[in-house]
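Below are the chains, spelled out letter by letter.
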Amino acid sequence: MQADDGKDYDDINVTPMVDLYLVLLLIFIIMTTAAVQGMKVQLPSASKSSAAANPNAPKVQAIIIGDNGQIELNREPVTLGELERRLGALKATTPDLPAVVRGNRATQYEAIMDVLDVLARLKITKIGLATQPAKS
């Protein structure tokens, strides 16, 4: 094909074609987002900590066993008999008394078992054993 001045057309004007593609893309985007319908669900709410939710929740009793077998109840040194007597009195007023046992790495296993035996005799079932997270 030749123009009036005798030159050949060797390029095609693609601007209208690109405009058409962009308009079609826009139409498809609008139609697909309008067509997608979600399902209504009731998401669970995050629970607050039990102490924050219930101010009357029993205080966790911290039992620490030192390297030499020294036992502490809430940072107060006690003997095994005193530990049993104090926890027994607390258990009488609070049936679901929680306790956490913390021992050092060098603590004798027998001392930890003695404390766990006292907790078992008092029927304290909410027991936690404090550990450190594993290092990666």
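To start, this report covers the structure provided alongside it. Keep in mind that this is a model prediction, so the values were computed, not measured.

Looking now at the sheet that holds strand β3 (residues 76-78). The strand order across the open sheet formed by five strands is β3-β2-β1-β4-β5, and the pairing between neighbours is mixed. Taken across any chain shown, the strands that pair with only one partner, and hence form the sheet edges, are β3 and β5 (126-129). Taken over all neighbouring pairs, the strand axes of this sheet differ in orientation by 25 degrees on average, direction set aside. Judged from the three bridges that link them, strand β2 (residues 71-73) and β3 form a sheet pairing that is antiparallel. Note on β3: the bridge partner recorded for E72 is P77. Against the sheet, helix α3 (residues 80-93) touches β1 (61-65), β2 and β3, its axis set at about 115 degrees to β3.

Of the strand pairs in this sheet, β1 and strand β4 (residues 98-103) are connected by five bridges, and their pairing is parallel. Looking at the pairing, I64 lines up with R102 of β4. The pairing of β4 with β5 spans four bridges and is parallel. Its bridge partner being in β5, V101 is matched across the sheet by L129. Where the polypeptide runs from β4 across helix α4 (residues 109-121) and back to β5, its parallel neighbour, the crossover connection is right-handed.

The rules behind these values
Residues numbered from 1 in each chain as written. Predicted model: local features only at pLDDT ≥ 70, side-chain atom pairs only at ≥ 80, totals over all residues. Heavy atoms only, no water. Pairing = 2+ DSSP bridges. Helix = DSSP H or I, 4+ residues; strand = E, 2+ residues; numbered from the N terminus. Axes fitted to C-alpha atoms, helices over the stretch in contact; angles between N-to-C directions. Contact = heavy atoms within 4.5 Å. Right-handed = clockwise from strand over helix to strand, strands pointing away.

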